[in-house]
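Examining the three-dimensional arrangement
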Amino acid sequence: MALLLVLADHPAGAAEVRRGGLVVEYTDARDRTALNTVFLAWSDAVRDLQAIGLNVPEGVRIEAAGSAAAFTASTGEPPGVAASTRGRMIRTQRLSALGARGLLPFTVRHEAFHTAQPAGLPRWLAEGLARTFSGEALNDLRGPTGLDRVTDASLSARLLVRDPARLSAAYHEATRRARMLVQKRGWRAVLGLPAKE
Ligand SMILES: [Zn+2]
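Before going into details, it helps to say that this report is about the structure given with it. Computed from a predicted structure; not experimentally measured.

Some thoughts on the environment of Val 17
- Along the chain, Val 17 turns up in strand S2 (residues 15-19).
- A relative accessible area of 0% means that Val 17 is categorised as buried.

What to know about the coordination of the zinc ion
- Bound to the zinc ion are the protein donor atoms His 110 (NE2), His 114 (NE2), Glu 127 (OE) and Glu 127 (OE), situated 2.0 to 2.7 Å from the metal.
- If you look at the zinc ion, its four donor atoms make angles of 52 to 150 degrees with each other, and the shape they trace is irregular.
- Counting residues between consecutive donors of the zinc ion along the chain gives the motif H-x3-H-x12-E. Taken together, the residues His 110 and His 114, both in helix H4 (residues 104-116) and four residues apart, mark about one turn of the helix.

Thoughts on the pattern of salt bridges
- Inspection of the entire model under this criterion finds eleven salt bridges.
- A salt bridge links Asp 44 to Arg 47; its shortest N-O distance comes to 3.5 Å. In this pair, Asp 44 and Arg 47 both sit in helix H1 (residues 35-51), three residues apart, roughly one turn of the helix.
- The exposure class assigned to Asp 44 is partly exposed, which follows from its relative accessible area of 34%.
- One network of salt bridges, in which partners are shared, links Asp 44, Arg 47, Asp 48 and Arg 109.

Describing the packing of helix H5 (residues 123-134) against helix H7 (residues 164-185)
- The contact between H5 and H7 brings their axes to 7 Å, and the two run at 75 degrees. Judged on the interaxial angle alone, H7 and H5 are roughly perpendicular. Residues Trp 124, Leu 125, Glu 127, Gly 128, Leu 129, Arg 131 and Thr 132 of H5 form the contact with H7, whose participating residues are Tyr 171, His 172, Ala 174, Thr 175, Arg 177, Ala 178, Arg 179, Leu 181 and Val 182.
- The residue inventory of the contact of H5 with H7, partitioned by class, reads eight nonpolar, four polar and four charged.

Thresholds, definitions, all that
Residues numbered from 1 in each chain as written. Predicted model: local features only at pLDDT ≥ 70, side-chain atom pairs only at ≥ 80, totals over all residues. Heavy atoms only, no water. Helix = DSSP H or I, 4+ residues; strand = E, 2+ residues; numbered from the N terminus. Buried < 20%, exposed > 50% of the residue type's maximum accessible area, 1.4 Å probe, protein only. Donors = N, O, S within 2.8 Å, 3.2 Å for Na, K, Ca; no water. Tetrahedral: all angles 85-135°; square planar, octahedral: opposite > 155°, others 65-115°. Salt bridge = Lys/Arg side-chain N within 4 Å of Asp/Glu carboxyl O. Axes fitted to C-alpha atoms, helices over the stretch in contact; angles between N-to-C directions. Parallel < 35°, antiparallel > 145°, perpendicular 65-115°, else oblique. Contact = heavy atoms within 4.5 Å. Nonpolar A, V, L, I, M, F, W, Y, C, P; charged D, E, K, R; others polar.

So this is what it looks like as structure tokens:
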């Protein structure tokens, strides 16, 4: 177990911690106990992404909100969303809240995938692959999602709705399609990467 080095205490009470290439900023002191889980999940994700041909960029930052309201204010996402990634910035709900719901390692892996994914993936495929990579798909119900006749493009559009039940069905359907593609063709082909020698 490595020690966490606190780099800076921000005036507002936020703290910033770096381990390896990842910086995590949090504002709620309870999040301190979740940091180890975050850094472990991150280093596992970086290794597992490399194995499928993807590299996490330098300088990724996780900014954990102090509350669900603060998360919505900084991302525009509804409160039921765990995290949101733009480029190398990952914004999450309070880490200890995700941890208490058993979501923290999945969330870190999911967002790590988004930082490393090839440019230009359609939304449904990016979300489906992120959930397949993270392991979230293992907990999905295997029954029909009711969206099996929807086109890929319409599925991408449905991933932007704010109603939690409809959003959840769209995520499950995107994951079902992405997982089938990976099973049939392998990660590298689905990601558009050249086959390994
Ligand atoms: Zn995602």
